[in-house]
Amino acid sequence: RAIVLSGLGGAVTNLAMIKALLLLLRPESTWEGIANAGRGMMFVLFLYLLPLILLTSVVEGYGLHRWGKWQKGEVNILKKFSVPETVVVQAAHSVLLLGVAFVGAQAAKTFAGTFHRRHTYTHAFTAIAYGMGPLLVLRMADLWPALTPWGPWCVGIVLTIAVLYHGLPCILRPDPPHAIGLYFLTSLTLFVAAGLVRLVYVYYVEGRFRGLEKIVNDLIGGM
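For the structure given in this document, a descriptive report is provided here. (Residues numbered from 1 in each chain as written. Predicted model: local features only at pLDDT ≥ 70, side-chain atom pairs only at ≥ 80, totals over all residues. Heavy atoms only, no water.)

## Details of the packing of helix α5 (residues 121-131) against helix α7 (residues 150-172)
Look at α5 against α7: their axes get within 9 Å of each other, and the N-to-C directions meet at 155°. As summarised for this structure, α5 and α7 are arranged roughly antiparallel, according to the angle between their axes. Taken as a pair, α5 and α7 cross one another with a handedness that is right-handed. Counted together, H123, A124, A127, I128 and G131 of α5 and T160, V163, L164, L168, I171 and L172 of α7 form the full contact between these two elements. Grouping the amino acids of the contact of α5 with α7 by side-chain chemistry returns eight nonpolar, three polar and no charged. (Axes fitted to C-alpha atoms, helices over the stretch in contact; angles between N-to-C directions. Helix = DSSP H or I, 4+ residues; strand = E, 2+ residues; numbered from the N terminus. Parallel < 35°, antiparallel > 145°, perpendicular 65-115°, else oblique. Left-handed = near helix turned anticlockwise from the far one by under 90°. Contact = heavy atoms within 4.5 Å. Nonpolar A, V, L, I, M, F, W, Y, C, P; charged D, E, K, R; others polar.)

Written out as structure tokens, the structure is:
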């Protein structure tokens, strides 16, 4: 049973990764396929977004433990994170990324309603969840400590915003005159929310949040 579940999990993760790559390579046809499929929110969450977040968290966490991150101070040091600390950091990061998806979806739904089109939260969540694919995939570049953590994020958010250019109109179907306003406001919200999450993560792994680091260590010590 464990082998079967592991195989299913791997298959789901691979499909999620392929879908994220297709959104970059063939955005229009891929978005049309997503729109025509009409998947529910739970399907999108558990068979696309969560597997992609978990996969990239494992890869990013492996980099923290295996190669570490440079921490700045009077003397820069390369810190390799322990397994417990890596697990806590990546779990928190995953929760925050889920929060970004939900916040972005609420923003998209609100802005779509502002422009006189009513859509369900499922439509908005579908657009944002799939649109975040490039941002999540680029997390895997964090494996290497020599690469600035902001580099992959900047590339990822630019590609995500580019992907949403096709995705938001395809899924939410706004009136043509209002499409650019919906796209701009939703993209701006996602950029700010994802940027804040990235800021917290980067500051933590670079050792700039000593108080938060102490809390995490105390939490680990109490387990």
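## A short note on the layout of surface pockets
Considering only enclosed or pocket space, the largest pocket measures out at about 240 Å³ in volume. Taken together, 14 residues line the largest pocket, and the ones lying closest to its centre are L15, K19, F43, L47 and Y130. Mapped by element, the contributors of at least two residues to the lining of the largest pocket are α1 (2-25), α2 (27-37) and α3 (41-66). Taken together, the residues of the lining of the largest pocket break down into eleven nonpolar, one polar and two charged. As a volume, the second largest pocket reaches approximately 200 Å³. Lining of the second largest pocket is provided by V88, V89, A92, H93, L96, V197, V200, Y201, Y204, L212, V216 and L219. The set of elements that each furnish at least two residues to the lining of the second largest pocket consists of α4 (83-114), α8 (176-205) and α9 (210-221). The element that contributes the greatest number of residues to the lining of the second largest pocket is α4, accounting for five residues. Here the residues of the lining of the second largest pocket sort into eleven nonpolar, one polar and no charged. (1 Å grid on protein atoms, 1.4 Å probe; cavity = no way out; pocket = protein on both sides within 12 Å on 5 of 7 lines; lining within 4 Å. Points joined across faces, edges and corners; volume = space filled by probe spheres on them.)

## Thoughts on unusual backbone geometry
For R173, which is not glycine, the phi dihedral falls at a positive 50°. Topologically, R173 is positioned in the loop between α7 and α8. For R173, a relative accessible area of 41% corresponds to the partly exposed category. (Buried < 20%, exposed > 50% of the residue type's maximum accessible area, 1.4 Å probe, protein only.)

Function cannot be inferred from these measures alone, as they are strictly geometric.
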